[in-house]
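Analysis of the macromolecular model
Listed here are the chains, written in short residue letters.
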Amino acid sequence: MDLNAPIALLGGLSPQAFMRRHWQKKPLLVRQALPGVTPPLARAALFDLAGSEDVESRLVQRDGGRWSLRQGPFARRALPPASRPGWTLLVQGLDLHVPAAHELLRRFSFIPEARLDDLMLSWASDGGGVGPHLDSYDVFLIQVHGRRRWRIGPVADETLLPDMPVRLLQNFEPAEEWVLEPGDMLYLPPRWGHDGIAEGECMTASAGFRVPLQTGLARELLQRLAEDDELGDGALYRDPRQPATATPGEIPAGLREFAGRAVERLLTRRGALDRALGEILSEPKPRVWFDGEAVDGDEAFAAGVALDPKSRMLYDERHVFLNGESFVAGGRDARLMRRLADDRVLSARDCAGLSDGARETVAGWIETGWVRRGGR
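The notes below deal with the structure included here.

Analysis parameters
- The numbering scheme is per chain: residues are counted from 1 as the chain's sequence reads.
- In keeping with the predicted nature of the model, local features appear solely for residues at pLDDT of at least 70, side-chain atom pairs appear and are counted solely at 80 or more, and the whole-chain, interface and lining totals rest on all residues.
- Where side-chain values are given, they derive from all heavy atoms of the structure, hydrogens and water being excluded.
- Going along the chain from the N terminus, every DSSP run of H or I of four or more residues is numbered as a helix, and every run of E of two or more is numbered as a strand.
- Whether a residue is buried, partly exposed or exposed follows from its accessible area with a 1.4 Å probe, protein chains only, as a fraction of its type maximum: under 20%, in between, or over 50%, in that order.
- Any pair of residues with heavy atoms lying within 4.5 Å of one another is described as a contacting pair.
- A pair is scored as a salt bridge if a Lys or Arg side-chain nitrogen falls within 4 Å of a carboxyl oxygen belonging to Asp or Glu.
- Take the number of residues in a helix, subtract one, and multiply by 1.5 Å to get its expected span.
- As used here, the arc belongs to the directions running from the helix axis to the C-beta atoms.
- Whether a set of points on the 1 Å grid over the protein atoms alone is a cavity depends on a 1.4 Å probe fitting there but being unable to get out, while an open set qualifies as a pocket with protein on both sides within 12 Å along at least five of seven lines; lining residues are those with an atom within 4 Å of a point.
- Grid points are joined across faces, edges and corners, and a volume is the space filled by probe spheres set on the points.
- For this scheme, ten residues count as nonpolar: Ala, Val, Leu, Ile, Met, Phe, Trp, Tyr, Cys and Pro. Four count as charged, namely Asp, Glu, Lys and Arg, and the remainder, Gly too, count as polar.

**Some details on the environment of Leu225**
Within the element layout of this structure, Leu225 appears in helix H4 (residues 214-228). On the accessibility criterion, Leu225 (0% relative accessible area) is buried. Residues Leu225 and Leu266 lie 41 residues apart in sequence; the distance between their C-alpha atoms is 6.2 Å. Once you skip the residues sitting within four places of it in the chain, Leu225 turns out to touch Leu266, Leu267, Arg269, Ala272, Leu273 and Ala276.

In structure tokens form, the structure reads like this:
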């Protein structure tokens, strides 16, 4: 992809221009971003998928001012009739199960993979929606079937309606309103209020990009760093000069200093923070499983290899990360592994350029199902 070339997906903006002008800054409406688009799967297939234990799904219904929310999986008979107005089925992680959804999400590969969440598909009957709300992630709302009316606006008051099963803004004041038809797309930055209502039966695909919460990321990093350093250096707290105290409830200054040094040591071990971050960001989503296959020598690489659609692969200067695990790579191996992360495929010629050790590693990934033999 030429990052400086205009593309229809972004309304004639180049990826660089879009990131500079709109990403995390302001919305963008693109008419016919994907002309001729079709849903990644039909309504009946989506309803069937919502019945799987391996898929996260939700059912939102509205009856006047009353809202209800149920978590899947759903047997088909548990879903309302398609003709009943006011209900929505949301299926997360469609890209993990449907190749067409995975390919749709790959259109946004100009955004770092570390920020990628998933592709959600929302089916709604006439009048269906999830109400005015905020999301804590960047999202591209792609209309793939039917029509949906969107009202959007910045939110000054984030107060939620009380006693509701869904998080609804109490005082939402939209600034703009549009009806999206198949092929249209709307980008929204995080915390931008929006309310989408189906006008007749419709489907909307949402390409979501996660925005890590600083405190949450810090918690995960410290937990993983501590797990990796479970035995540590075996240092025990020592206080041979601790005097008798008349204030036994006070935490000793020496113990506070000991705790601080313990955290500093976790953070300053060479490469530990980078490795922990890459492992966290490349963790597969919940409910993901892989089917591996036996590897028979060099024949496994004869047609090249490709990442399984459910695999998450990232890299930094010293490591490659795949599905929550880290590997050290350098030289030609590192360049080829980075190509696999960026393009999600390696040709047979690329595979032939891997060292014996790297080929053995990739063979192990094939056996676990993280990588597949052959092309896409």
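The rest of the description comes next.
**Comments concerning the environment of Ala259**
Note on placement: Ala259 falls in helix H5 (residues 253-268). Sequence separation of Ala259 and Leu10 is 249 residues, and the distance between their C-alpha atoms is 50 Å.

**Some details on the pattern of salt bridges**
Taken as a whole, this structure holds 19 salt bridges when the rule is applied. Notably, a salt bridge pairs Arg344 with Glu113, separated by 3.7 Å at the nearest N-O pair. Of this pair, Arg344 sits in the loop between helix H7 (331-343) and strand E14 (345-346) while Glu113 sits in the loop between helix H3 (99-106) and strand E5 (116-124), placing them 231 residues apart in sequence. Take Arg344 and Glu113: they sit in the same class, and that class is buried. Residues Glu177 and Arg149 are paired through a salt bridge, measuring 2.8 Å at the closest nitrogen-oxygen approach. Of this pair, Glu177 sits in strand E7 (residues 176-180) while Arg149 sits in strand E6 (residues 137-154), placing them 28 residues apart in sequence. Residue class for Arg149 comes out partly exposed when judged on its relative accessible area of 30%. Ionic contacts of the salt-bridge type, sharing partners, join the residues Arg147, Arg149, Glu177, Glu181 and Glu199 into one network.

**Some details on H4**
In a regular helix each residue adds 1.5 Å, so 15 residues correspond to 21 Å; H4 covers 21 Å between its end C-alpha atoms and thus fits that length. Taken as a whole, H4 has its buried residues at Gly216, Leu221, Arg224 and Leu225. Each buried residue of H4 sits inside an arc of 160° when the element is viewed along its axis, so together they form one side. For H4, the exposed residues lying more than 90 degrees away from the buried face are Thr215 and Arg219. Each element contacted by the buried residues of H4 is listed here: H5 and helix H6 (272-281).

**A word on the layout of surface pockets**
In this structure, the largest pocket occupies an estimated 870 Å³ of space. What lines the largest pocket is a set of 37 residues, and nearest its centre among them are Arg58, His133, Leu134, Asp135 and Tyr137. At five residues, the largest contribution of residues to the lining of the largest pocket is made by E6. A breakdown of the residues in the lining of the largest pocket according to their chemical character gives 16 nonpolar, 11 polar and 10 charged. In this model, the second largest pocket occupies a volume close to 350 Å³. In terms of lining residues, the second largest pocket is bounded by 18 residues, among which Arg210, Glu220, Ile280, Leu281 and Glu283 are the most central. At the level of secondary structure, the elements contributing two or more residues to the lining of the second largest pocket comprise H4 and H6. Among the elements that take part in the lining of the second largest pocket, H4 stands out by supplying six residues, more than any other. Looking at the lining of the second largest pocket residue by residue, the classes come out as eight nonpolar, two polar and eight charged.

Note that every value here comes from positions in space, so none of it alone points to a role or purpose.
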